[in-house]
Amino acid sequence: MTASAPSSMLDLLRRVVQEVNGAEDFDEALSIIVTRVKGALDIDVCSIYLKSPRSGRLVLMASEGLRQESVGQVEMDVSEGLVGLVASRAEPINLENASEHPRFRYFPETGEEEFLSFLGVPIIQQRKLLGVLVVQHRKARRFDDEHVSFLVTLAAQLAGAITHAEFTDEIASETPLVSHVNVEAKGVAGAPGVAIGRAVVAYRLADLDSIPDREARGVEQELARFAIAVNATREEIEGLKARTQALLPAEEGALFDAYLLLLGDSLVHRTETRIQAGQWAPGALRDTVRESVRVFEDMEDEYLRERGADIRDLGRRILSHLLPAEDAEGDFPEGGILVGEDLTASHLAEVPIERLGAIVSARGSGSSHIAILARALNVPAVMGVSDLPVSRLEDRELLVDGYRGRLYVNPSPELRAEFVRLVREERELEEGLRTLALQPAATRDGRPVPVMANSGLLADIRPSLESGAEGVGLYRTEVPFIIRDRFPGEDEQFEIYRQILASFDPMPVTLRTLDVGGDKALPYFPVREDNPFLGWRGIRITLDHPEIFLPQLRAMLRASVEHHNLQILFPMISTLEELKESLILLNRAREELLDEGLQVPVPKVGVMIEVPAAVYLVEALARRVDFLSIGTNDLVQYLLAVDRNNARVANLYDPLHPSCIRALELIAEGARRTGKPVSVCGEMAAEPAAIILLLGMGMDSLSVSVSAIPKVKWVIRSFTTDRAEALLAQCRLLENPDQIRSLLNNALVQAGLGGLVRAGKN
Ligand code: PEP
Ligand code: MG
């Protein structure tokens, strides 16, 4: 056996993983692995055994070197044979002469008797054993360390690729085998709710790169066809712009204006020249787009480089009008589920919202713009389903669980029935809750705990008011910043803030200053960092850029001249200095406006407690402001060191972790000692079990997404302060989140709120 040099090992590793990722189907993926490994390591056998999800047995799925008849036939329990031993020990086993080992079991159909040496390594993904990778050799000789470590590395990398290939295969089967039903795809929760519906893959726009060269049949005819397509595209963009405006603030239109400008320029002219030279219109368009994209992509400037993507998008739009009708967007079915690689707000603008059942995106997270929008529209969403073979899902029936971030394909009749029940229960619950929505939120003993709305779009103002929100507890001002292609000016911001203050007057409206960075990037202000959540975000950016911060503060203050319900909130504060500097700038903005003759009232000012450092400074912070607002989304991620958007560690992200509960208690105690009110505005405040604890801690108000308001009020109105305090005291004695959650869920059931627990809202 010859050992390869480490660098070629690395190359081989990279190549195998790449090839496996590109495999057409699962069988091909497995066959690539065994063929490549056997060839590269100069060994006699390479085989893969996978654990059957149905029987739990290890089945020989592919082999290079063993008899092919045995593939799919040989199988064993994890308590049997050497392969079973590798699986049950979950570690490599390297033997000079396998037949001498007490666990050796002989399978005559494999022809295995000829091979003496044996090396098996487990294939494990996220603690779950997928199978065993085995290499064998005729001669009795131990495999050397380099081979062992190569196979361990390969197996670790293949685990993901194998799951992906298996998943695609399972999803792709139209007539699923028993083992292919209830295929579960994991993502992250985007917006709550459950749905059943047919998938509509977003943008069935043609792929420019797949257009072949072809000679134009008649130049005049081809030019006319192109002109019609360009006009249709122009109308489409104008229509999109109008529809987007109905959903979002006018600034979204800025992007479409840029498209219209591009349509008017040389893109059209250069395509026409190519058509005149004999190329058919789609081919001419493809070449023009490629040429322009190349020019942009070569540019130094990041912003300009990204304009290449706009040209490509525009090219695809024109192309969709050039190609036959079957490529055009079809009718959107009732309850249809919009599925896409990377869905954005403009995809949403293209579908009839009243028929939209759910949203599923292979990329993005719960804090992506489209997820925020989905919550505002009360449409369930699952984000970040990275293994999703999007192009194979068109028209397939999907079950969507927006609470847990799960998607099911090929459901069994039982699972489907369960979802039908959940959807019905949810509808009944919502109808039942609607009457409750307009009642004030107070505990059974009469302590008011107002429920406010988290908002960030003009579009949610009406639903917020109708849902019984008692004010806006968190207005995320970054949304109008994110959907533009430049910083919005002071006047534009003033208009947005004025409308919100006016709509809710006299109820309080809390405008949070710009909180970008982390996972919320501004397209025109790129920040590249290795650890963005620990980097330049929130107040750290705005304090470094007074030219951005001051106009925002001025716009907020100007909006409060007529409406005295403004509260200003600073995000991501981790030092007292940051708060002091922010207050100085706020004061400066107010002084300027007073000098300009405006009667600006003194706004209430608050600080977000969302970084562990702020928990331990809570009293000092509270003394300097009027109120505190706890951002549990970030606080939990920083306390537990778990990225809030990373599906791989999502099971560790739990606001009911005893450390989180303790931190929240510290904040509540600090607020009480300083006499300042404290509200909770993270997603935790919408979780029924968690609400009981927040009531027990004495939180003064909660702020949640609009669709959650009725449910939150229901929980508040079902408990007395004493009962909540007693439950909190019991939870303090428990050591893990699951015990805490089940204790609280039992309390919900006892209080008659079993519906919330059963509908998966908890
Ligand atoms: C939070 O961190 O809990 C919060 C409310 O703010 P955001 O989700 O916008 O970071
Ligand atoms: Mg936050």
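Everything discussed here concerns the structure shown above.
The model shown is predicted, which means the values in this text are computed figures rather than measured ones.

Criteria and thresholds
- Residues numbered from 1 in each chain as written.
- Chains lettered and ligands numbered in written order.
- Predicted model: local features only at pLDDT ≥ 70, side-chain atom pairs only at ≥ 80, totals over all residues.
- Heavy atoms only, no water.
- Pairing = 2+ DSSP bridges.
- Helix = DSSP H or I, 4+ residues; strand = E, 2+ residues; numbered from the N terminus.
- Axes fitted to C-alpha atoms, helices over the stretch in contact; angles between N-to-C directions.
- 1 Å grid on protein atoms, 1.4 Å probe; cavity = no way out; pocket = protein on both sides within 12 Å on 5 of 7 lines; lining within 4 Å.
- Points joined across faces, edges and corners; volume = space filled by probe spheres on them.
- Nonpolar A, V, L, I, M, F, W, Y, C, P; charged D, E, K, R; others polar.
- Parallel < 35°, antiparallel > 145°, perpendicular 65-115°, else oblique.
- Left-handed = near helix turned anticlockwise from the far one by under 90°.
- Contact = heavy atoms within 4.5 Å.
- Expected span 1.5 Å × (residues − 1).
- Buried < 20%, exposed > 50% of the residue type's maximum accessible area, 1.4 Å probe, protein only.

Novice: Account for the sheet that holds strand β19 (residues 604-609), with residues named and values stated.
Specialist: The pairing of strands in a sheet happens through backbone hydrogen bonds and is either parallel or antiparallel. Pairing within the closed barrel is parallel, and its eight strands lie in the order β15-β16-β17-β18-β19-β20-β21-β22. Pairs of neighbouring strands in the sheet enclose a mean axial angle of 25°, with direction left out of account. As judged from the three bridges shared by strand β16 (residues 472-476) and strand β17 (residues 509-512), these two strands associate in the parallel manner. Residue Val472 lies in a different strand from β17, and its bridge partner there is Val509.

Novice: Describe empty space enclosed by the protein, naming the residues involved and giving the relevant values.
Specialist: Taken as a whole and assessed by the stated rule, the structure comprises four cavities of 30 Å³ or more. When its volume is computed, the largest cavity comes out at roughly 110 Å³. The wall of the largest cavity is formed by 11 residues, among which Ile372, Asn454, Ser455, Arg476 and Ser705 lie closest to the centre. Elements supplying a minimum of two residues to the lining of the largest cavity: α11 (369-377) and β15 (451-455). With three residues, the top contributor of residues to the lining of the largest cavity is α11. Grouping the amino acids of the lining of the largest cavity by side-chain chemistry returns three nonpolar, four polar and four charged.

Novice: Account for the packing of helix α12 (residues 413-437) against helix α24 (residues 709-718), naming residues and giving values.
Specialist: Contact geometry for α12 and α24: axes closest at 9 Å, N-to-C directions at 70°. Put simply, α12 runs roughly perpendicular to α24. The way α12 lies across α24 gives a crossing that is left-handed. Of the residues in α24, those touching α12 at Leu429, Leu433, Leu436 and Ala437 are Pro710, Lys711, Lys713, Trp714 and Arg717. Here the contact of α12 with α24 is built from residues that sort into six nonpolar, no polar and three charged.

Novice: Outline helix α22 (residues 658-674), listing residues and values.
Specialist: With 17 residues, α22 extends 25 Å between its outermost C-alpha atoms, agreeing within 8% with the 24 Å of an ideal straight helix rising 1.5 Å per residue. Of all the residues in α22, the buried ones are Cys660, Ile661, Ala663, Leu664, Glu665, Ile667, Ala668, Gly670, Ala671 and Thr674.

Novice: Explain the pairing of strand β14 (residues 406-409) to me, using residue names and the numbers behind them.
Specialist: Along any regular strand the residues' side chains alternate between the sheet's two faces. The alternating pattern of β14 places Arg406 and Tyr408 on one face and Leu407 and Val409 on the opposite face, and all of these are buried. Note that strand β7 (residues 183-186) and β14 share four bridges and pair antiparallel. Of the residues in β14, the one forming a bridge with Lys186 is Arg406. Where strand β13 (residues 397-401) and β14 come together, four bridges link them in antiparallel fashion. The residue bridging Asp401 from the neighbouring strand is Arg406, located in β14.

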